[in-house]
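Read off the chains here:
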Amino acid sequence: MERTVTIASGHGLHARPAKLFTQAVAASGHKVTIGRPGGSPVNAASILGIIAAGFENGDEVVLDVEGDESERVLGELSEFLTTDHDEAAG
Amino acid sequence: MIEVRELVGVGIGSGVVVGPVLHVSRQAASAPADTPSTIGADAELARAREALASVSAQLRERAAGADESTRDVLEAQALMTDDPALLDSVTVKLGAGVTAEKAVSDAFAEFAAMLADAGEYFAERAADLHDLADRAVAALQGRSTELVIDPGHPYVLVARDLAPADTAVLDLDRVLAFVTSEGGPTSHTAILARQRGIVAIVGAPGVEGLADGTQVIVDAERGRVFADPDAAELADAESRIAARAAAADVPAGPGALADGTPVKLLANLGKPGEAAEAVRLGAEGVGLFRTEFLFLDRLTTAPTVADQQESYREVLAAFPGKRVVVRLLDAGADKPLAFLNPGEEENPALGRRGLRALRATASVLADQLTALAAAQAQTEAELWVMAPMVATVEETAFVTRAIHDVGIRTAGVMVEIPSVALIADRVLSRTDFASIGTNDLTQYTMAADRQLGSVAALQDPWHPAVLRLVKEVGAAGAALGKPVGVCGEAAADPLLAVVLAGLGVTSLSMSPTALADVRVSLARYSLDDAAAIAEAALAADEAADARQAARAAADTITAGR
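Residues numbered from 1 in each chain as written. Chains lettered and ligands numbered in written order. Predicted model: local features only at pLDDT ≥ 70, side-chain atom pairs only at ≥ 80, totals over all residues. Heavy atoms only, no water.

- Taking an unreviewed UniProt entry as the reference, chain B is identified by name as Phosphoenolpyruvate-protein phosphotransferase belonging to Protaetiibacter mangrovi.
- Under the Subcellular location (unreviewed entry) heading, UniProt states for chain B: "Cytoplasm".
- Listed in UniProt under the heading Cofactor (unreviewed entry), the comment for chain B reads: "Mg(2+)". (UniProt positions renumbered as here; feature names shortened; annotations may be inferred.)

### Some points on the overall build of chain B
So, step 1. Scanning chain B for helices and strands turns up 22 helices and 16 strands.
So, step 2. Taken across its 561 residues, chain B has 52% of its residues classed as buried.
So, step 3. Only carbon and sulfur atoms are counted for the fraction: they give 53% of the accessible area of chain B, which is about 23200 Å². (Helix = DSSP H or I, 4+ residues; strand = E, 2+ residues; numbered from the N terminus. Buried < 20%, exposed > 50% of the residue type's maximum accessible area, 1.4 Å probe, protein only. Areas by Shrake-Rupley, 256 points an atom, 1.4 Å probe, with all protein chains shown as cover.)

### Structural notes on helix α22 (residues 543-559) of chain B
So, step 1. The terminal C-alpha atoms of α22(B) lie 24 Å apart, and with 17 residues this matches the ideal 24 Å at 1.5 Å per residue to within 8%.
So, step 2. Buried-residue contacts for α22(B) involve α18 (464-480), α19 (494-502) and α21 (527-538) of chain B. (Expected span 1.5 Å × (residues − 1). Contact = heavy atoms within 4.5 Å.)

### What about the packing of aromatic side chains?
So, step 1. Enumeration over the complete set of coordinates arrives at two aromatic pairs over all chains.
So, step 2. Ring geometry for F21(A) versus F80(A): centroids 5.7 Å apart, planes at 40°, classification tilted. Of this pair, F21(A) sits in helix α1 (residues 15-28) while F80(A) is found in helix α3 (residues 70-81), placing the two residues 59 residues apart along the sequence.
So, step 3. On the accessibility criterion, F21(A) (0% relative accessible area) is buried.
So, step 4. When the centroid spacing of 4.7 Å and the interplanar angle of 50° are considered together, the rings of W384(B) and F433(B) count as tilted. (Phe/Tyr/Trp six-rings, centres within 6.5 Å; stacked < 30°, edge-to-face > 60°.)

### Digging into the domain arrangement of chain B
Residue and element names in this part refer to chain B.
So, step 1. Taken domain by domain, chain B holds domain 1 (6-25 + 152-246), domain 2 (41-140) and domain 3 (256-526).
So, step 2. Across the contact, eight residues belong to domain 1 and six residues belong to domain 3.
So, step 3. Surface buried jointly by domain 1 and domain 3 totals about 580 Å² across both partners, of which 37% is contributed by carbon and sulfur atoms.
So, step 4. Considering only the surface of domain 1 that becomes buried against domain 3, R194, E221 and R244 emerge as the three largest contributors, covering 55% of it.
So, step 5. Put simply, domain 1 and domain 3 have one salt bridge between them.
So, step 6. R524 is the partner of E221 in a salt bridge, and the nearest nitrogen-oxygen pair spans 2.7 Å.
So, step 7. Our enumeration of links across domain 1 and domain 3 arrives at one residue pair in polar contact (both at pLDDT 80 or more).
So, step 8. Residues belonging to the side of domain 1 that touches domain 3 are distributed by class as follows: no nonpolar, five polar and three charged. (Domains from an automatic or database assignment. Buried area = accessible area lost by both parts, 1.4 Å probe. Salt bridge = Lys/Arg side-chain N within 4 Å of Asp/Glu carboxyl O. Polar contact = N/O pair within 3.5 Å; in protein donor to acceptor, adjacent residues only side chain to side chain. Nonpolar A, V, L, I, M, F, W, Y, C, P; charged D, E, K, R; others polar.)

### Structural notes on the sheet that holds strand β7 (residues 215-219) of chain B
Neighbouring strands of a sheet are bound in pairs by backbone hydrogen bonds; such pairs are parallel or else antiparallel.
All names here are of chain B.
So, step 1. The strand order across the open sheet built from eight strands is β1-β8-β7-β3-β4-β5-β6-β2, with neighbouring strands paired in mixed fashion. Of all strands in the sheet, those bounded by a partner on one side alone are β1 (6-8) and β2 (10-12). Geometrically, the sheet is characterised by an average inter-axis angle of 30° between neighbouring strands, direction not taken into account.
So, step 2. With four bridges joining them, β7 and strand β8 (residues 224-227) adopt antiparallel strand pairing. Across the sheet, the residue bridging to D219 is R224, located in β8.
So, step 3. Of the strands in this sheet, β2, β5 (175-180) and β6 (199-202) are in contact with helix α7 (residues 188-196), which crosses β5 at around 155°. (Pairing = 2+ DSSP bridges. Axes fitted to C-alpha atoms, helices over the stretch in contact; angles between N-to-C directions.)

Below, the structure is given as structure tokens:
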């Protein structure tokens with residue numbers, strides 16, 4: 001089951017948002033991949049793969065979820081990606 | 001060993017200490033040999049898994065005891081160590097018959113190269129991976145991954161640079177000073193030194209040439225390390241250490257220059273709970289109370305007026321009869337909020353942030369002002385309110401009127417954008433005070449992203465272009481009789497604080513731990529001295545030259561007494 005969403009975090013999927021996202025993927029217990037439309041997807045539980053892919057704010061990405069509750073997980077992860085998670089002090 | 005007597009770097013704070021050098025670098029991992037495995041791929045994979053798991057567990061354990069920003073970094077590093085793609089890569093490499101050491105080392109190197117290719121932004125993450133690889137290989141070889149063997153006595157810690165994972169395990173009570181050969185004023189080492197009040201000199205190349213046990217004077221004020229000092233040098237250092245200790249013991253009076261010219265010393269606060277500590281460290285009030293904390297955890301809605309009022313009341317109540325400058329919500333750029341920021345800007349630092357975002361969402365501005373006015377009515381503090389990211393006279397007039405309209409008497413603007421510094425006379429004629437945010441003013445003057453390590457060298461408030469803008473604002477304030485403050489890292493630099501006073505700045509706001517050093521530094525120079533030191537800095541071509549010229553001018557003044 002897949003869905004195309006737009007990354008909302010101000011600095012893209014790096015640093016803290018990348019950490020939070022891979023943690024959410026691992027916690028879901030589902031097999032999840034993320035990639036650019038038409039591009040080769042990476043394992044969404046891999047923080048290294050995600051950081052190296054360099055997803056930026058405003059990029060469209062295809063999320064693909066396999067598992068028993070793929071619809072619920074896809075919904076939660078889509079919401080995560082379309083929310084802005086960048087925050088910093090000062 | 002080369003005979004090194006004196007080393008130059010960037011001093012953090014103005015402390016002086018004397019002690020023995022101890023290098024703290026992990027024993028460098030010998031590059032894993034290319035010898036074939038003797039135990040087979042399955043057994044090697046089990047070893048690799050165990051080593052990676054132990055490194056990850058250690059990082060998580062350290063994360064649990066670390067402060068928030070360090071925790072984020074350490075947790076991300078633990079995730080990288082646990083990364084399934086990394087393990088896949090290790091598994092593939094083991095298939096070729098190599099050892100776990102070799103496979104783990106190569107797999108990390110492969111990902112590091114991938115990140116390095118992704119651009120400057122990721123260079124730091126690539127460095128993280130080298131560090132992780134080193135730890136994992138050390139675990140496989142049964143070596144300690146601990147950075148320091150505690151020598152059992154206080155020491156001057158010498159290193160290339162310190163990573164958060166390193167400092168999280170240091171017993172800082174034993175550390176007299178940090179001296180690093182790399183890193184700048186915004187490095188992790190420098191930030192930690194400021195937070196903990198530890199004497200530090202960063203970016204001092206050559207320090208690796210000092211042998212362990214060498215006696216050194218670390219003089220952060222002068223940015224110098226003196227090796228094997230003679231008796232006279234030691235006596236001089238001891239007397240300065242004693243003078244500093246004595247100054248710190250004196251109850252903190254109001255900040256002033258040697259001739260009595262007052263320079264208010266205020267605290268930067270990010271949360272109401274920090275007020276008590278600021279009072280204890282002698283803050284005469286608050287020069288910057290950031291209000292983002294109320295908003296940042298909320299994704300879609302702003303906090304209520306009642307919630308805000310209670311937080312403001314808590315801060316104001318800690319400073320009866322004293323000035324508390326509150327900055328209106330500064331959303332955008334590095335701290336976007338869903339309900340204020342569109343989130344689709346190519347260039348958020350130049351986008352709809354600060355006052356621009358507040359004007360676009362009138363209800364958020366109105367609620368914040370209402371809550372502030374109500375909190376003022378409940379307390380005895382002198383409330384000043386200022387707006388962030390003001391670019392024009394029209395914006396100044398707009399926000400000043402909005403603040404006055406709710407019954408808050410003193411309204412002002414932040415000077416972060418060069419445009420308002422350049423026409424500070426016109427801006428200040430339309431409002432009650434100005435507060436210079438040196439971090440953003442430097443970013444915008446130098447066109448150098450504050451968050452980008454590759455241009456960090458340009459992010460230096462000592463740059464004469466930045467100082468000249470400060471001078472414009474100081475002169476306008478003096479001409480119109482309006483207060484001009486500085487909040488930002490620049491105010492916490494004891495020598496730069498003198499320069500700022502010499503440029504006409506009337507209050508300095510900083511992290512409370514920096515107050516004591518700045519108070520002592522200001523008390524050494526008269527207003528005329530400060531103006532002369534500022535002139536020396538203004539005449540320089542580069543930030544580093546300005547710092548040196550100011551140091552030389554200051555030393556000439558004190559030597560002439």
